[in-house]
Amino acid sequence: MFKSGFVTIVGRPNVGKSTFMNKVLGQKVTITSNKPSTTRNNISGIYTTDDAQVVFIDTPGIHKPKHKLGEFMTQEAINTLKSVDLIMFMIDGNEEIGRGDKFIIDLLEHIKIPVFLIVNKADKTTDIVALKTSIDHYKKLYKFKGIFSISALRGDNIDFLLEDIIKELEEGPKYYPDDQITDHPEKFIMSELIREKVLQLTKEEVPHSVMCVIDYMKNDDVNPELINIHASIIVERESQKGIIIGKGGSMIKEIGTRARKDILHLLGSKIYLDLHCKVEKDWRNKDFFLRNFGYKE
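Below or above, wherever it landed, is the structure these notes cover. (Residues numbered from 1 in each chain as written. Predicted model: local features only at pLDDT ≥ 70, side-chain atom pairs only at ≥ 80, totals over all residues. Heavy atoms only, no water.)

## Observations regarding the overall build of the protein
Next up, step 1: Along the protein, the regular secondary structure elements total ten helices and nine strands.
Next up, step 2: Relative to a compact globule of 297 residues, whose C-alpha radius of gyration would be 19 Å, the protein shows 20 Å and is just as compact.
Next up, step 3: Over its C-alpha atoms, taken along the principal directions, the protein stretches across nearly 60 × 40 × 35 Å.
Next up, step 4: When burial is assessed residue by residue, the protein has 51% of its 297 residues classed as buried.
Next up, step 5: Summarising the internal contacts of the protein: among those between residues at least 6 apart in sequence, 72% fall at separations of at least 24. (Helix = DSSP H or I, 4+ residues; strand = E, 2+ residues; numbered from the N terminus. Rg over C-alpha atoms; globule rule 2.2 N^0.38 Å. Buried < 20%, exposed > 50% of the residue type's maximum accessible area, 1.4 Å probe, protein only. Contact = heavy atoms within 4.5 Å.)

Put into structure tokens, the structure is as follows:
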């Protein structure tokens, strides 16, 4: 009997949803950083074994939106709740329950799909009493189908969690080939890898205002084994553009150097990456740019 199904991972920003999915798949499909709202789109990760296929959906952190992009991100996550076979509600086990967590629980009250509470970052837990008190609080607020303590970073208890997820799924078809781990196109993943490097290297308001777009990619006319990739880093203000470029172009060069390594691993081919920075004022609040940059339902 072959089992299959769709599992959404929801939670507040920075609880480890993307880290979990990358650990399960064994390679990077969704970007990670210590900046809130790193994930902006729903991203699918396909986990396949001999007897099961689980399509995980990594969602943006559910939070109170401050702009139209934030509204899109939160709605992206909420939209998955009614269209999957299982919900993983992930929390940081070292933080007290917050308004965002209670908001998610309120959403779950109206849904009949089974929910697993995933208590992440067990590797950082030092106060076991506080952790147990926090879990008891969650148990009083909602009747979870299962509760799991894991470390997405180290992989602690993930094998046991996967076994229980598969047990919960029903018999079904294999939706994707064995070797496919995501249904997102290469251009999307490449643009995200570039944005990840910006998040790693910049701070304050810059990471939240950045968008990356692959303008074009094609094989070189002279050397067909070389792929030419031209990409744009979009920001909202001229001052942010100055930060992205850096003194004498030092910052954009470092972004390109780091991104090139990951894109090379992704494509398995030699690449030439050409980065440019553009200013589109207040793009996060403009429907035209949101649609053009792929933020649409």
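## Thoughts on the pattern of salt bridges
Next up, step 1: Evaluated as defined, the whole model comprises 15 salt bridges.
Next up, step 2: Salt bridges here are not isolated pairs; linked through shared partners, they connect Lys28, Glu196, Lys197 and Asp262. (Salt bridge = Lys/Arg side-chain N within 4 Å of Asp/Glu carboxyl O.)

## Regarding the environment of isoleucine 271
Next up, step 1: As for its placement among the helices and strands, isoleucine 271 is situated in strand S9 (residues 270-279).
Next up, step 2: Overall, isoleucine 271 belongs to the buried group, its relative accessible area being 11%.
Next up, step 3: For the pair isoleucine 271 and isoleucine 227, spaced 44 residues apart in sequence, the C-alpha separation works out to 4.6 Å.
Next up, step 4: The contacts of isoleucine 271, once residues within four sequence positions are left out, are Leu226, Ile227, Ile229, Arg260, Ile263 and Leu264.

## Observations regarding the packing of aromatic side chains
Next up, step 1: The tally for this structure, following the rule as stated, stands at seven aromatic pairs.
Next up, step 2: Between phenylalanine 89 and tyrosine 138, the aromatic rings sit 6.1 Å apart at their centres with planes inclined by 70 degrees, giving edge-to-face as the arrangement. Separated by 49 residues along the polypeptide, phenylalanine 89 in strand S4 (residues 86-92) and tyrosine 138 in helix H4 (residues 128-141) bring together distant segments of the chain.
Next up, step 3: Connected via pairs of aromatic rings, a cluster forms that spans Phe89, Tyr138, Tyr142 and Phe144. (Phe/Tyr/Trp six-rings, centres within 6.5 Å; stacked < 30°, edge-to-face > 60°.)

## Brief notes about the sheet that holds strand S6 (residues 146-149)
Next up, step 1: Spatial ordering of the open sheet is given by S2-S3-S1-S4-S5-S6, a layout of six strands whose pairing is mixed. Of all strands in the sheet, those with a lone pairing partner are strand S2 (43-48) and S6, marking the two edges. In this sheet, adjacent strand axes meet at a mean angle of 25 degrees when their direction is disregarded.
Next up, step 2: Judged from the four bridges that link them, strand S5 (residues 115-120) and S6 form a sheet pairing that is parallel. Following the sheet pairing, leucine 117 is matched in S6 by isoleucine 147.
Next up, step 3: Strands in contact with H4 are S4, S5 and S6; relative to S5, the strand with the most contacts, it is inclined by about 160 degrees. (Pairing = 2+ DSSP bridges. Axes fitted to C-alpha atoms, helices over the stretch in contact; angles between N-to-C directions.)

## As for the side chain of arginine 12
Next up, step 1: One can find arginine 12 in the loop between strand S1 (3-10) and helix H1 (17-25).
Next up, step 2: Polar side-chain contacts of arginine 12 include one of 3.1 Å to the side chain of glutamate 95.
Next up, step 3: A distance of 3.1 Å separates a polar atom in the side chain of arginine 12 from a polar atom in the side chain of aspartate 101.
Next up, step 4: Beyond its immediate stretch of four places on either side in the chain, arginine 12 contacts Lys17, Gly61, Ile62, Met90, Glu95, Glu96, Gly98, Gly100, Asp101 and Ile104. (Polar contact = N/O pair within 3.5 Å; in protein donor to acceptor, adjacent residues only side chain to side chain.)

## Examining the sheet that holds strand S7 (residues 211-219)
Next up, step 1: An order of S7-S8-S9 is seen for the three strands of this open sheet, with the pairing classed as mixed. Edge positions in the sheet fall to S7 and S9, since each has one partner strand and no second. Neighbour to neighbour, the strand axes of the sheet diverge by 20 degrees on average, direction disregarded.
Next up, step 2: When strand S8 (residues 226-235) meets S9, the two strands line up parallel, connected through ten bridges. Bridge pairing in S9 places isoleucine 233 opposite cysteine 277.

## With respect to the nonpolar core
Generally speaking, a soluble globular protein has its nonpolar side chains buried in company with each other.
Next up, step 1: Within the largest apolar cluster, 55 residues are counted, with the highest numbers of intra-cluster contacts made by Phe20, Phe56, Met88, Ile194, Ile233 and Ile263.
Next up, step 2: Of all the elements, helix H6 (residues 186-201) adds the most residues to this core, at seven residues.
Next up, step 3: Setting aside anything within four residues of it in sequence, one finds methionine 88 in contact with Val7, Thr8, Ile9, Val10, Phe20, Phe56, Phe116, Ile118, Leu161 and Ile165.
Next up, step 4: Counting 23 residues, the second largest nonpolar core, distinct from the first, contains Ile62, Ala77, Ile97 and Phe144. (Core = buried A, V, L, I, M, F, W, Y, C linked by side-chain atoms within 4.5 Å.)

## Section: the environment of glycine 70
Next up, step 1: Along the polypeptide, glycine 70 turns up in helix H2 (residues 68-79).
Next up, step 2: Owing to a relative accessible area of 0%, glycine 70 belongs among the buried residues under this scheme.
Next up, step 3: Considered as a pair, glycine 70 and arginine 284 are 214 residues apart in the sequence and their alpha carbons are 8.2 Å apart.
Next up, step 4: Look past the residues within four positions of glycine 70 in its chain and what remains in contact with it is His63 and Pro65.

## Points about the packing of H6 against helix H9 (residues 250-267)
Next up, step 1: Between H6 and H9, whose axes approach to 9 Å, the crossing angle comes to 140 degrees. If you check the angle between H6 and H9, you find them oblique. As for how H6 packs across H9, the hand of that crossing is right-handed. Taking contact as the criterion, the partners of Glu186, Ile189, Met190, Leu193, Ile194, Glu196, Lys197, Val198, Gln200 and Leu201 in H6 are, on H9, Met251, Glu254, Ile255, Arg258, Ala259, Asp262, Ile263, Leu266 and Leu267.
Next up, step 2: Looking at the contact of H6 with H9 residue by residue, the classes come out as twelve nonpolar, one polar and six charged. (Parallel < 35°, antiparallel > 145°, perpendicular 65-115°, else oblique. Left-handed = near helix turned anticlockwise from the far one by under 90°. Nonpolar A, V, L, I, M, F, W, Y, C, P; charged D, E, K, R; others polar.)

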